[in-house]
Amino acid sequence: MIDFESARRRLVSMLKDEGIIKSDRVERAMLSVPREEFLPNYLRLYAYEDTPLEVMYGQTISAPHMVAMMCELLDLKPGLKVLEVGTGTGYHAAVCAEAMERRGTIYTIEYYPGLALYATQNLARLGYLGIVHVFIGDGSKGLPKYAPFDRILVTAAAPPKVPPKLFEQLSSDGIMVIPIEERFTQVLYVVTKEDGVPHMRPVTYVSFVKMRYSEE
Ligand code: SAH
């Protein structure tokens, strides 16, 4: 039997020591979500290794440090309306839900129906479906019906610029966190709106799966 609780506490304490986890809010969220529940059985052993893991269709669950860092950058609080592009396993959405004290709404959109189903099952088992709503589709177009969003979290690397439809759907005082493909690498940006135009603050180099695009 693996003692997941202790492993989770060890990882969170390491992420705090490394300065990745900065706030009590993100610390509590990382401590409350069982990452092993978002992994197939054969990967559970690695749930608290600080590394991405390949789940299905060549897609990955992000590394815990990346989930924590993005949650810190998003400055989450109760009551927000959040859009996540790239549901994957549902883990990151669950951590966001906890950082929002399970108050507010998270819309998350996944390209692969099989992953959306897997995430929905994981989120349902842990009681997150009241706050997290899973959609299937091309998230680069956002979810205009539910816009504007206070926060937009993108977990697949976008082409050299922010998808315009996503930017349109960010509220005027909103925050978007998004990995962007650059020439030889990817850079994580915090994007805000200044007089209607994107203000882009680079944070660090990252490595995400590429964002997929459907035909218009
Ligand atoms: N947040 C996830 C990890 C995401 S990996 C987690 O916590 O597990 C990135 C995900 O983005 C993959 O599942 C991939 O299928 C999805 N994706 C890629 N392009 C997309 C698009 N255009 N719209 C929605 N999802 C997309």
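As shown above, the structure is provided for reference.
Residues numbered from 1 in each chain as written. Predicted model: local features only at pLDDT ≥ 70, side-chain atom pairs only at ≥ 80, totals over all residues. Heavy atoms only, no water.

Q: Explanation requested: the sheet that holds strand β9 (residues 197-206) in the structure shown.
A: Sheet strands pair via backbone hydrogen bonds, and the direction of the pair is either parallel or antiparallel. The strand order across the open sheet built from seven strands is β5-β4-β3-β6-β7-β8-β9, with neighbouring strands paired in mixed fashion. Each edge of the sheet is formed by a strand with only one pairing partner; in this case those strands are β5 (132-136) and β9. Direction aside, the axes of adjacent strands within the sheet are offset by 15 degrees on average. Direction of pairing for strand β7 (residues 170-181) relative to strand β8 (residues 186-194): antiparallel, over a ladder of six bridges. (Pairing = 2+ DSSP bridges. Helix = DSSP H or I, 4+ residues; strand = E, 2+ residues; numbered from the N terminus. Axes fitted to C-alpha atoms, helices over the stretch in contact; angles between N-to-C directions.)

Q: Hey, could you run me through the pairing of strand β6 (residues 149-154) in this one?
A: Counting buried residues along β6, five of its six residues qualify, which places the element largely inside the surrounding structure. Of the pairings in the sheet, the one linking strand β3 (residues 80-85) to β6 comprises four bridges and is parallel in character. Following the sheet pairing, valine 82 is matched in β6 by arginine 151. (Buried < 20%, exposed > 50% of the residue type's maximum accessible area, 1.4 Å probe, protein only.)

Q: What is the right way to read the pairing of strand β4 (residues 104-110) from this model?
A: Successive residues of a regular strand alternate their side chains across the two faces of the sheet. Within β4, five of the seven residues are buried, which leaves the element mostly enclosed by the surrounding structure. Where β3 lies against β4, six bridges are found, and the strand directions are parallel. What sits directly across from valine 82, in β4, is isoleucine 106. Each parallel crossover has a hand, and the one from β3 via helix α4 (residues 91-99) to β4 is right-handed. Relative to β5, β4 runs parallel, the two being bridged by five bridges. Within the sheet, the bridge partner assigned to isoleucine 106 lies in β5 and is valine 132. A crossover connection joins β4 to the parallel β5 through helix α5 (residues 113-125); in handedness this β-α-β unit is right-handed. (Right-handed = clockwise from strand over helix to strand, strands pointing away.)

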